[in-house]
Amino acid sequence: PSFRVAGSRPDVWTMVNKATAECKVPPVSLSQGFFDYSPPKFVLNAAKKCIDEVSCNQYSHTRGRISLRNALSKAYSPLFNRKLNSDTEIVVTAGANEGFYSVFAAFLNPGDEVILMEPFFDQYVSNIQMNGGVPVYVPLIPPKEGAERPVSAKEWRLDINRLRAAITDKTKMIVINTPHNPLGKIFSEEELNEIADIVLEHNLLVVSDEVYDRLSYTPFVRLATLRPELFRHVVTVGSGGKTFGCTGWRVGWIIGDESIIKYSATAHTRICFCVNSPLQEATAIAFEEADKVGYWEEYISTYKQRFSILAEAFDQLGIPYTIPDGSYYVMANFSKVKLPEDYPFPEHILSRPRDFRLCFWMLKEIGVATIPPTEFYTDEDAPLAEDYLRFSFCKTYETLEEAVKRLQKLK
Ligand code: GLN
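Here the structure is a predicted model, which means the values were calculated and not measured.

1. Things to note about the overall build of the protein chain
Counting secondary structure elements, the protein chain contains 14 helices and 14 strands. For 411 residues, the compact-globule estimate of 2.2 N^0.38 gives 22 Å, and the C-alpha radius of gyration of the protein chain, at 21 Å, lies within 12% of that figure. Projected onto its principal axes, the C-alpha positions of the protein chain cover 60 × 50 × 45 Å. When the 411 residues of the protein chain are sorted by exposure, 46% land in the buried category. Within the protein chain, contacts between residues at least 6 apart in sequence are counted, and of these 74% link residues at least 24 apart.

2. A look at the pairing of strand β3 (residues 113–118)
Note that β3 and strand β4 (residues 134–141) share six bridges and pair parallel. For V114, the partnering residue across the bridge sits in β4 and is P135. In this fold, the crossover linking β3 to β4 by way of helix α5 (residues 123–130) has right-handed handedness. Pairing of β3 with strand β7 (residues 171–177), which is carried by three bridges, proceeds in the parallel orientation. Following the sheet pairing, E113 is matched in β7 by T171.

3. Observations concerning the site of the ligand
All residues in the neighbourhood of the ligand are listed as W13, Q32, G33, Q123 and N181. The class makeup of the residues in the shell around the ligand is one nonpolar, four polar and no charged.

4. Overview of the sheet that holds strand β9 (residues 234–239)
The mixed open sheet is built from eight strands, whose spatial order is β2-β10-β9-β8-β7-β3-β4-β6. The open sheet has two edge strands, β2 (90–93) and β6 (157–158), and neither has a second partner. Here four bridges tie β9 to strand β10 (residues 252–255), and the two strands are oriented antiparallel to one another. Looking at β10, one finds that G238 is bridged to W253. Packing of helix α3 (residues 66–80) onto the sheet brings it into contact with β2 and β10, and relative to β2 it is tilted by some 120°.

5. Details of the sheet that holds strand β12 (residues 329–333)
Strand order across the open sheet formed by four strands is β5-β11-β12-β14, with mixed pairing between neighbours. With partners counted over all chains shown, the strands left at the sheet margins are β5 (151–152) and β14 (388–392), one partner each. In terms of strand pairing, β5 meets strand β11 (residues 321–323) through two bridges, oriented parallel. Along β11, the bridge assignment pairs S152 with I323. Strands in contact with helix α11 (residues 295–317) are β11, β12 and β14; relative to β12, the strand with the most contacts, it is inclined by about 5°.

6. Describing the environment of G238
Take G238: it is sitting in strand β9. Sequence separation of G238 and K83 is 155 residues, and the distance between their C-alpha atoms is 17 Å. If sequence neighbours within four positions are ignored, G238 has contacts with A96, E210, V211, D213, G252, W253 and I255.

7. Digging into the packing of α11 against helix α14 (residues 397–407)
Packing of α11 against α14 brings their axes to within 9 Å, and their N-to-C directions diverge by 5°. Relative to α14, the element α11 lies roughly parallel. The residues of α14 that touch α11, namely those facing R306, I309, L310, A313 and L317, are Y397, L400, E401, V404 and L407.

8. Let's talk about the UniProt feature "domain: Aminotransferase class I/classII large" (unreviewed entry) in the protein chain
When the UniProt feature table is mapped to this numbering, "domain: Aminotransferase class I/classII large" (unreviewed entry) covers residues 28–407. In the segment residues 28–407, helix accounts for 41% and strand for 16%; the C-alpha atoms at its two ends are 10 Å apart.

9. Some details on the pairing of β9
Counting buried positions along β9 gives six out of six residues, so the element sits mostly inside the fold. Across the two faces of β9 the burial is the same, with V234, T236 and G238 and V235, V237 and S239 all buried. Sheet topology places strand β8 (residues 205–209) next to β9; four bridges connect them, and they run parallel. If you follow D209 over to β9, its bridge partner there is V237.

10. Describing α3
The first and last C-alpha atoms of α3 sit 19 Å apart over 15 residues, in line with the 21 Å expected at 1.5 Å per residue. Taking the largest bend as the criterion, α3 deviates by roughly 30°, centred on K74, and proline P78 comes between one and four positions later. The set of residues buried in α3 consists of L68, R69, A71, L72 and Y76. Summarising the contacts, the buried residues of α3 are in contact with β2, β10 and α10 (277–293). Immediately beyond the C-terminal end of α3, within one or two residues, lies N81, with a positive phi of roughly 55°.

11. Side note on the environment of P40
Looking at the element boundaries, P40 is found in the loop between β1 (28–29) and α2 (41–50). With 205 residues separating them along the chain, P40 and G245 place their C-alpha atoms 7.9 Å apart.

Criteria and cut-off values
- Residues numbered from 1 in each chain as written.
- Predicted model: local features only at pLDDT ≥ 70, side-chain atom pairs only at ≥ 80, totals over all residues.
- Helix = DSSP H or I, 4+ residues; strand = E, 2+ residues; numbered from the N terminus.
- Rg over C-alpha atoms; globule rule 2.2 N^0.38 Å.
- Buried ≥ 20, exposed ≤ 12 C-beta atoms within 10 Å, placed from the backbone.
- Contact = placed C-beta atoms within 7 Å.
- Pairing = 2+ DSSP bridges.
- Right-handed = clockwise from strand over helix to strand, strands pointing away.
- Near = placed C-beta within 6 Å.
- Nonpolar A, V, L, I, M, F, W, Y, C, P; charged D, E, K, R; others polar.
- Axes fitted to C-alpha atoms, helices over the stretch in contact; angles between N-to-C directions.
- Parallel < 35°, antiparallel > 145°, perpendicular 65-115°, else oblique.
- UniProt positions renumbered as here; feature names shortened; annotations may be inferred.
- Expected span 1.5 Å × (residues − 1).
- Bend = angle between axes of the 7 residues up to and from the residue.

So this is what it looks like as structure tokens:
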């Protein structure tokens, strides 16, 4: 194999999904952030309709079907406080993932450094490295009280001096993720302003991963809108899968100034040429319909409800957790949960931090699948999160209730 993939260990998604499938009693899956129920009717109907349309079964424009780019411009212009140009400022990508990849491919030269905050979504690292870039890590500092009581995701703090200290003459980009996976943190205006100062001072590019933007329970500020001059420095990444509950559709987008988008579009064309047509068209229709059926408000309220099912169970069990400002993840602190000393953990679990043992034991003995968050850290900083497990709550009420029932075994 090439240097790009050689030596990679299996990713955590494949590892947990495989271990889940191998359990004799099927665990309740609160691990990967996928929905275990169908998207709303208006979304499904849109997809069914589009497959019958002649043009939808052929290539789309490489930047995406104009209907979707127009729908995105209509939906996002008010949120960006400017008229977004469908031709020059928006590209539809194969999921948010290919959006990041295209931006990294478009802007990284060998040795260029990209700052990531820990915990980071794991795909960033490989996407940067495959494009010759070098990730540089700055941890978000967990609140000490996180082991004692529920804390707000806001309390996971960015040490701006550490961010400043990480800048070198090779630094090209910073990746921010807000609402954040796995913390559910929404970066405050103050934090974003501090980041903005650094970005403008060093003329950096920011990839702002805002795929959970529609799932914000507290006020959400977009870095790109904070100051007029930032629009030329920030490319915002969005996700149809997260927005409409259809992660398998692989429809995402990037929004930014023409000067960023034009090179990202060049990379995107060479990577996948264009995204599948029918589901782009369906996503365009879904945006139109969503406003009519009051989808956005309902979406948020059902997720608050889903979160509260888990939160109540954690409260009862005395397991502290981080209250998300957004997203459908919650980090629970398992420092008080004792693992049996003689438990037969396999070698690939024993060689990893404590959260992998917690995850494996929860899977086998409690019957609930979670994600060990130190996968989103360097080895050096992994101790910061080794007592945590990430739970996804983009699941049916029944699934969540069943998980709560099984969690009672922790008493
Ligand atoms: N974003 C989702 C999660 O964090 C899915 C990740 C993936 O499958 N790569 O669970």
